[in-house]
Amino acid sequence: MTAIYFDNNATTRPDPRVVEAMMPFLGASFGNPSSMHQRGEAAKSAIQTALAQVQALVGAERSSEIVFTSGGTESDNAAILSALAAAPDRREIITSAVEHPAVLATCEWLEKTQGIRLHKIPVDERGRLDVAAYEAALSERVALVSFMWANNETGVVFPVAELAAMAKAHGALFHTDAVQAAGKTQIDVAATDIDMLSISGHKLHAPQGIGALYVRRSVAFAPMLHGGRQERGRRGGTENTPGIVALGKAAELAGAHIGEENIRIRSLRDRLEQALLARIPACFVVGDPGSRVANTSNVAFHDIEGEDAVLLMDKAGLAASLGSACAAGSFEPSHVLIAMNLPKTAVRGGIRFSLSRDNTEADVDRAIEIVAGVIGKLRGISIDAPIGEALTARDAAHA
């Protein structure tokens, strides 16, 4: 098993305190929260506690504005489809070119099958949204604007409060995918014009398969899943009580650790980046250094295949991930890095390192050695030699 885990934007280790909180609901407290007996009431009470915990994490005005879902993808889809159902005369959606597939693929499907006009707002080379292009796309025909709070590949943060206010001025609903922001940055959704906000449990030390969607009280919501009256009629189906309890506890712990995210974890990330840039030539940090979540670093290495690097790092004891995805068995550059117009020599070499409160300075120092060794190997450099000297020796040998 890989010793050092730097892939926390993909999923996090469930916190033992989260597991402890959920375990009774996988055992003696197994009741259906819709039942009137004691086991049912115990489950219902636990869900009410979790609602308050998630409400506090996102800064909602009321716990009734929280809808539990199966995760970020369902939350995103529910928000998008509900917004269109609520405004049938508005047939346009605005999103960004760097959204998570949970938003981007859904919007592209609606464009292809439902005739929805889709505006994909570009970003610059640092991943910052083209706000002027967004303003130009806004009109009374737009049903929904959906911009992520923080990018899953680069950590770049969008100014969602400002963007939501712009949408409101045109009567459009505003949704944000805050999956990579929740627990990493302070969220006070009630103080903004954000109408809907998605989070996912397994990105903040809860198990996979549980998430939530914030829906502002004044927003008409059309459920995606029909059935019983669970979730105040907004999502049919018996509640996932163990998962909901886990998400609630994870939200409580995440709120308590936000200060740590912005100090200790940021320091670890900066230590990693500074050492890699100093030791390894022909690499650079991707994204906006002044506006990123604290745990995320995407480093692009020129003239390597990121897929090869990640596999070799894993064998050496470091779990990281690509700044790109494998599709249909062939390596394709990340749509995020392409949208940022990275150099052709680097777009396949983007590697994401995403830390969490589980990581230590010792992890970072060991990771630096592993990454340097792997990049040296892929470039045909002696791993034992200092990287700069080895490059000079290699170039001399090929002269």
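Computed from a predicted model, the values in this text were never measured in an experiment. (Residues numbered from 1 in each chain as written. Predicted model: local features only at pLDDT ≥ 70, side-chain atom pairs only at ≥ 80, totals over all residues. Heavy atoms only, no water.)

Caption draft 1: Quick peek at the packing of aromatic side chains. Per the stated rule, a full pass over the model turns up three aromatic pairs. Taken together, a centroid distance of 5.0 Å and an interplanar angle of 80° make the contact between tyrosine 134 and phenylalanine 147 edge-to-face. Remark: phenylalanine 147 occurs in the loop between strand E5 (142–146) and helix H6 (160–168) and tyrosine 134 occurs in helix H5 (residues 131–137); sequence separation between them is 13 residues. Exposure remark for phenylalanine 147: the relative accessible area of 0% places this residue in the buried category. (Phe/Tyr/Trp six-rings, centres within 6.5 Å; stacked < 30°, edge-to-face > 60°. Helix = DSSP H or I, 4+ residues; strand = E, 2+ residues; numbered from the N terminus. Buried < 20%, exposed > 50% of the residue type's maximum accessible area, 1.4 Å probe, protein only.)

Caption draft 2: Representation of the pairing of strand E10 (residues 296–301) within the structure. The buried fraction of E10 amounts to six of the six residues, a majority that puts the element mostly inside the structure. Here E10 shows no split at all, with Thr296, Asn298 and Ala300 on one side and Ser297, Val299 and Phe301 on the other all buried. Judged from the four bridges that link them, strand E9 (residues 283–286) and E10 form a sheet pairing that is antiparallel. The residue bridging valine 286 from the neighbouring strand is asparagine 298, located in E10. Pairing geometry for E10 and strand E15 (residues 350–354), over five bridges, is antiparallel. Across the sheet, asparagine 298 pairs through a bridge with arginine 352, a residue of E15. (Pairing = 2+ DSSP bridges.)

Caption draft 3: Focus on the pattern of salt bridges. Under the defined criterion, the tally for this structure stands at 19 salt bridges. Between arginine 352 and aspartate 7 there is a salt bridge, with the nearest N and O atoms lying 3.1 Å from each other. Highlighted residues: arginine 352 in strand E15 and aspartate 7 in the loop between strand E1 (4–5) and helix H1 (16–22), separated in sequence by 345 residues. Each member of the pair, arginine 352 as well as aspartate 7, is classed as buried. Here glutamate 273 ties to arginine 292 by a salt bridge, and the two come within 2.7 Å at their closest N and O atoms. A residue pair is termed long-range when its members are at least 10 positions apart, and glutamate 273 in helix H7 (residues 241–279) and arginine 292 in the loop between E9 and E10 qualify at 19 residues. Owing to a relative accessible area of 9%, arginine 292 belongs among the buried residues under this scheme. (Salt bridge = Lys/Arg side-chain N within 4 Å of Asp/Glu carboxyl O.)

Caption draft 4: Up close: helix H8 (residues 306–316). Along H8, the residues that are buried comprise Gly306, Ala309, Val310 and Met313. Taken end-on, H8 shows its buried residues confined to a sector of 95°, consistent with a single buried face. Exposed side chains of H8 directed beyond 90 degrees from the buried face belong to Leu311 and Lys315. Phi turns positive one or two residues past the end of H8, at glycine 317, with a value near 110°. (Arc of directions from axis to C-beta.)

Caption draft 5: Summary view of the packing of helix H3 (residues 72–86) against helix H4 (residues 101–114). The N-to-C vectors of H3 and H4 enclose an angle of 35°; their axes lie 9 Å apart at closest approach. The hand of the H3/H4 crossing is right-handed. Residue-level contacts link Thr73, Asp76, Asn77, Ile80, Leu81 and Leu84 of H3 to Ala102, Val103, Thr106, Cys107 and Leu110 of H4. For the contact of H3 with H4, a count of residues per class yields seven nonpolar, three polar and one charged. (Axes fitted to C-alpha atoms, helices over the stretch in contact; angles between N-to-C directions. Left-handed = near helix turned anticlockwise from the far one by under 90°. Contact = heavy atoms within 4.5 Å. Nonpolar A, V, L, I, M, F, W, Y, C, P; charged D, E, K, R; others polar.)

That is the geometry; function is a separate question.
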